[in-house]
Amino acid sequence: MSLDLIHGGALDAMRAAYPQAPTPWIDLSTGINPWSYPDTRVSEDALAHLPTRATYTACHNAMAAAMGAEPEALVLAPGSELLIRLLPYIIKARRVAILSPTYGDHAEVWQRACADIVRTPDPLSMAQSVDAVVVTHPNNPDGRVFNPEALEHARKTLARRGGWLVIDEAYADLLPDHSLAPSGGREGLIILRSFGKFFGLAGVRLGGLLAATRLREAVSQSLGVWPVSGAALEIGTRAYRDLAWQSATREKLASAAARLELILSGPGLHRVGGTSLYAFVETDDAHQTFETLARAGIYVRRFGWSRSHLRIGLPPTPNGEARLRAALTL
């Protein structure tokens, strides 16, 4: 399968596939904030020595405070992707209802673990008949947000049966009031958090898991003694403590998303969802639109499961916005 159908971000493959495309390429495929947190300084100790417990604790507490979560409910990890891949072997659910469409790795990892997968647009309704329910909230790619009472009802239903509600909150920093992080630690609830999307520093590899004690201990044992690099801990501490930057960034992203919607409002494209980091659009032939944009040096996200949908991230500059607008009129 083409790399771009598995994940965004395969810019090296795009350059090879479209060598005549104008440069620089504009990568709108990942749904990552193009205006990353600016203070990425790290100390010499962070690079030369193993991470200390004090450094871990500082980042741990800063992340918990920013999310409004109880610190004791949180475990840090080198990104949420690793946590997604660990969960099937820790909770060992045999029948799993997964929101569809959503981030594709959720179904992939459960399939690899030989679980019985049910892909459905209404996984919460299956809490009575499965071992685990997996949702992304807000959802990727369509931006769907769930009713908190419905999520809590599903959690209680699953917990009574020894099951789990798994909530991937990779984009929850965009909508903090919708996060269930303050409920982290309740029985039957697993919340995954990502640093890279909102803070625009995906290469830092930092994330977190919120869960009850027994599951946290199992995850901690799997991750080992030094689960997160010293550099990631220092940058994460600074970024999570910077509430003013976070607030200003939410406003900046909302403005950029509004500009993107205007660019996409021409004939042939219809925005059907998304977040303030990307638009989810419908078109008659998404793969042809993908090709048109690629030939113009613009990389967007297409999907193997649909020939009528694309996910388009925020252009990082006025020139990028102009190039996208021009390419869509070709």
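Above: the structure in question.
Residues take numbers from 1 onward in each chain, read along the sequence in its written order. Where totals are concerned, whole chains, interfaces and linings use all residues; where local detail is concerned, this predicted model gives features only for residues with pLDDT of at least 70, and gives and counts side-chain atom pairs only at 80 or more. With hydrogens and water excluded, all non-hydrogen atoms of the structure serve as input to the side-chain values.

A.B. asks: Any details on helix α7 (residues 148-160)? Residues and values, ideally.
C.D. replies: A run of DSSP states H or I qualifies as a helix once it reaches four residues; a run of E qualifies as a strand once it reaches two. Both are numbered from the N-terminal end. Here the expected span of a helix is defined as 1.5 Å times the quantity of residues minus one. A rise of 1.5 Å per residue sets the reference length of α7, with its 13 residues, at 18 Å; its end C-alpha atoms lie 18 Å apart and thus fit the reference within 8%. Per-residue accessibility, obtained with a 1.4 Å probe over protein chains only, is compared with the maximum for each type, and a residue is labelled buried under 20%, exposed over 50%, and partly exposed between these values. Among the residues making up α7, those that are buried are Leu151, Glu152, Ala154, Arg155, Thr157 and Leu158. Residues of α7 that are buried make contact with β5 (132-136), β6 (164-169) and β7 (189-194). Downstream of α7 by one or two residues, Gly162 has phi in the positive range, about 80°. By definition in these notes, contact holds between two residues if any of their heavy atoms fall within 4.5 Å.

A.B. asks: Any details on the packing of helix α12 (residues 286-295) against helix α13 (residues 318-328)? Residues and values, ideally.
C.D. replies: Axis definition: a line fitted to C-alpha atoms, limited for helices to the stretch in contact. Angles are taken between N-to-C directions and run from 0 to 180 degrees. Following both chains from N to C, one finds α12 and α13 inclined at 130°, their axes separated by 9 Å at the closest point. By the angle between their axes, α12 is oblique relative to α13. Here the hand of the crossing between α12 and α13 comes out right-handed. Here Thr289, Thr292 and Leu293 of α12 lie close against α13, whose contacting residues are Leu324, Ala327 and Leu328. When its residues are assigned to classes, the contact of α12 with α13 shows four nonpolar, two polar and no charged. These descriptions rest on fixed angle ranges, namely under 35 degrees for roughly parallel, over 145 for roughly antiparallel, 65 to 115 for roughly perpendicular, and the rest for oblique. A clockwise turn of the near helix away from the far one marks a right-handed crossing, whereas an anticlockwise turn of less than a right angle marks a left-handed crossing. Side-chain classes follow a simple rule in which Ala, Val, Leu, Ile, Met, Phe, Trp, Tyr, Cys and Pro form the nonpolar group, Asp, Glu, Lys and Arg form the charged group, and the remainder, Gly included, forms the polar group.

A.B. asks: Now, about the pattern of salt bridges: what can you tell me, with residues and values included?
C.D. replies: Throughout this description, the term salt bridge denotes a Lys or Arg side-chain nitrogen within 4 Å of a carboxyl oxygen of Asp or Glu. Summed over all chains, the structure comprises 14 salt bridges. For the salt bridge of Arg307 with Asp285, the shortest nitrogen-to-oxygen distance reads 3.5 Å. Placement of the pair is Arg307 in strand β13 (residues 306-313) and Asp285 in the loop between β10 (278-282) and α12, with a sequence separation of 22 residues. Assessed through its relative accessible area of 32%, Asp285 is described here as partly exposed.

A.B. asks: Describe the environment of Ser125, listing the residues and the values that go with them.
C.D. replies: Mapped onto the elements, Ser125 comes out in the loop between β4 (116-120) and β5. Separated by 29 residues in sequence, Ser125 and Ala154 have C-alpha atoms that sit 7.6 Å apart. Pairs of N or O atoms within 3.5 Å make up the polar contacts considered here, provided that, within protein, one atom can donate a hydrogen while the other can accept it, and that residues adjacent in sequence are counted only when both atoms are side-chain atoms. Polar contacts involving the side chain of Ser125 include one to the main-chain carbonyl oxygen of Asp122, which spans 2.8 Å.

A.B. asks: Tell me what's going on with the environment of Phe290, and back it up with residues and numbers.
C.D. replies: Mapped onto the secondary structure, Phe290 falls in helix α12. In the structure, Phe290 is positioned 233 residues away from Thr57 in sequence and 44 Å away in space, judged by C-alpha atoms.

A.B. asks: Tell me about the packing of aromatic side chains, and name the residues and values.
C.D. replies: Ring pairs are drawn from Phe, Tyr and Trp, using the six-membered ring of Trp, whenever the two centres fall within 6.5 Å, and their geometry is named by plane angle: stacked under 30 degrees, edge-to-face over 60, tilted for the rest. In the structure shown here, the tally under the stated rule is 12 aromatic pairs. Taking the centre distance of 5.7 Å and the plane angle of 75° together, the rings of Phe198 and Trp245 count as edge-to-face. Of the two residues, Phe198 is situated in helix α8 (residues 196-199) and Trp245 in helix α11 (residues 243-263); the sequence distance between them amounts to 47 residues. Trp245 carries the same exposure label as Phe198, and that label is buried. Charges are assigned to positions over rings by a cutoff of 6 Å between ring centre and Lys NZ or Arg CZ, combined with an angular limit of 35 degrees from the ring normal. Positioned over the ring face of Phe290 is Arg302, at 4.2 Å from the centre of the ring. Taking the ring centre of Tyr278 as reference, the NZ or CZ of Arg311 above it sits at 5.3 Å.

A.B. asks: Which residues make up the nonpolar core, and what values do they have?
C.D. replies: Here, nonpolar core means buried Ala, Val, Leu, Ile, Met, Phe, Trp, Tyr and Cys residues that are tied together by side-chain atoms lying within 4.5 Å of each other. One finds Val96, Trp110, Ile190, Phe195, Leu209 and Ile312 to be the most contacted residues of the largest nonpolar core, which totals 106 residues. Residues in contact with Ile312, not counting those within four places in the same chain, are Leu28, Leu260, Leu264, Tyr278, Ala279, Val281, Val300 and Leu324.

A.B. asks: Which residues make up the side chain of Thr289, and what values go with them?
C.D. replies: Structurally, Thr289 can be placed in helix α12. Residues within four places of Thr289 in sequence aside, it is in contact with Thr283, Leu310 and Leu328.

A.B. asks: Got a sec to walk through the sheet that holds β6? Specific residues and values, please.
C.D. replies: Spatially, the seven strands line up as an open sheet ordered β2-β8-β7-β6-β5-β3-β4, and their pairing is mixed. The strands lining the two open edges of the sheet, one partner per strand, are β2 (74-77) and β4. Averaged over neighbouring strand pairs, the angle between their axes works out to 20° when direction is ignored. A strand pair is defined by DSSP finding two or more bridges across the two strands. Sheet topology places strand β3 (residues 95-99) next to β4; five bridges connect them, and they run parallel. In the strand pairing of β4, Leu99 is matched with Thr120. The sheet strands contacting helix α5 (residues 80-91) are β2, β5, β6, β7 and β8 (207-210), and the helix crosses β7 at an angle near 160°.

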